[in-house]
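Chain by chain, the residues run as shown.
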Amino acid sequence: MNEASPGRLTRDGIRIYEPGDFAGMHAAGRLAAQLLDEVAEHIYPGQTTGALDDYIRKRIEEEGATSATIGYKGYQHATCISVNHVVCHGIPGDKKLKDGDILNIDVTVIVDGWYGDTSRMYVAGKLPRKSERLIQVTYDALMMGIEAVKPGNTFGDIGHAIQTYVESQRMSVVRDFCGHGLGRVFHAPPNVLHYGRAGTGPQLEEGMFFTIEPMVNLGRHETKVLSDDWTAVTRDKSFSAQFEHSVGVTSDGVEIFTQSPAGKFHPTYD
């Protein structure tokens, strides 16, 4: 762990950061969210996911920041872009977006050693009604998970809030991928599951930093990873959606580090 902000570790190996560290996370989160604001106007039928990635890569460089994903375990892109039935880790390329396609863009930047990680949904052209409902349920599930974040609650409370809501809407929560701790590292304990039992798991404490990033499927929850070893898709080819915020536990609740500066976190409203 970076010596500049050692904090302390809980018995579960979760880093507890200092009050002064929140500013660094806000700066990194703000830039990540700003980039996702800016790319929105470049999403339309006929656009390629590769062009969207090139745009964000260039903007990261212009801002003097660093992409956390370029070079990470061999990955060579500044974003993951997941279209329709791709759950997560979609690789940008030459494929053109079609009218009605929904897509998640996930970006992580490093600003002064702090990691800002966020993703959100977009639509190319006209948003189909079924996809609109999927996106809305996923957005609401994320916000319900965030509402469960406060000292004394558990990580199981977060997962339970998300799972019970999603399943009440006759959709499913992906089990194979989860949120994670972050701060001065990209991925760290804990694993933040988006399903589970209330009152279970490590207890939330002030100074914990982590992502909440539920993936919700219109069909069943099972996924598979394609032969590129990155792209995860729904096994039943049903559409999937995801929203992600980076958050920090405060003395009485939660701060969201990746709020959209332009109010564009939701594709139709915020």
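Quick notes on the rules
Residues numbered from 1 in each chain as written. Predicted model: local features only at pLDDT ≥ 70, side-chain atom pairs only at ≥ 80, totals over all residues. Heavy atoms only, no water. UniProt positions renumbered as here; feature names shortened; annotations may be inferred. Axes fitted to C-alpha atoms, helices over the stretch in contact; angles between N-to-C directions. Helix = DSSP H or I, 4+ residues; strand = E, 2+ residues; numbered from the N terminus. Parallel < 35°, antiparallel > 145°, perpendicular 65-115°, else oblique. Left-handed = near helix turned anticlockwise from the far one by under 90°. Contact = heavy atoms within 4.5 Å. Nonpolar A, V, L, I, M, F, W, Y, C, P; charged D, E, K, R; others polar. pLDDT = per-residue confidence, 0-100. Pairing = 2+ DSSP bridges. Buried < 20%, exposed > 50% of the residue type's maximum accessible area, 1.4 Å probe, protein only. Polar contact = N/O pair within 3.5 Å; in protein donor to acceptor, adjacent residues only side chain to side chain.

By the naming in an unreviewed UniProt entry, the chain is Methionine aminopeptidase, taken from Roseivivax halotolerans. Check the Function (unreviewed entry) section of the UniProt entry for the chain; it says "Removes the N-terminal methionine from nascent proteins. The N-terminal methionine is often cleaved when the second residue in the primary sequence is small and uncharged (Met-Ala-, Cys, Gly, Pro, Ser, Thr, or Val). Requires deformylation of the N(alpha)-formylated initiator methionine before it can be hydrolyzed." Turning to the chain, the UniProt record has this under Catalytic activity (unreviewed entry): "Release of N-terminal amino acids, preferentially methionine, from peptides and arylamides."

Draft legend 1. View of the packing of helix α1 (residues 22-39) against helix α2 (residues 49-62). Remark: α1 packs on α2, axes separated minimally by 10 Å, with the N-to-C direction vectors making an angle of 135 degrees. The pairing of α1 with α2 is recorded here as oblique in orientation. The two elements α1 and α2 cross, and the hand of that crossing is right-handed. For the pair α1 and α2, the contacting residues are Q34, L35, L36, E38 and V39 in the first and L52, Y55, I56, R59 and I60 in the second. Tallied by class, residues from the contact of α1 with α2 come to seven nonpolar, one polar and two charged.

Draft legend 2. The confidence of the model for the chain, seen in detail. Confidence in the prediction for the chain averages 96 pLDDT; 97% of positions are at 70 or higher. This stretch, residues 1-5, has a pLDDT under 50; its non-local contacts, to residues over four places away or in other chains, come to 10 contacts.

Draft legend 3. Expanded view of the sheet that holds strand β5 (residues 86-88). The three strands are arranged β5-β14-β13 in an open sheet whose pairing can be described as antiparallel. Each end of this open sheet is capped by a strand with a single partner; those strands are β5 and β13 (223-225). Going across the sheet, the axis of each strand differs from the next one's by a mean of 40 degrees, ignoring polarity. Where β5 meets strand β14 (residues 232-234), two bridges bridge the pair, whose relative direction is antiparallel. Its bridge partner lying in β14, V86 is registered against V233.

Draft legend 4. Representation of the side chain of T231 in the model. You can see T231 is positioned in the loop between β13 and β14. A relative accessible area of 8% means that T231 is categorised as buried. In this structure the side chain of T231 is engaged in a polar contact, spanning 2.7 Å, whose partner is the side chain of D228. For T231, the residues in contact, after removing those within four places along its chain, are V86, C88, H89, G90, I91, K224, V225 and L226.

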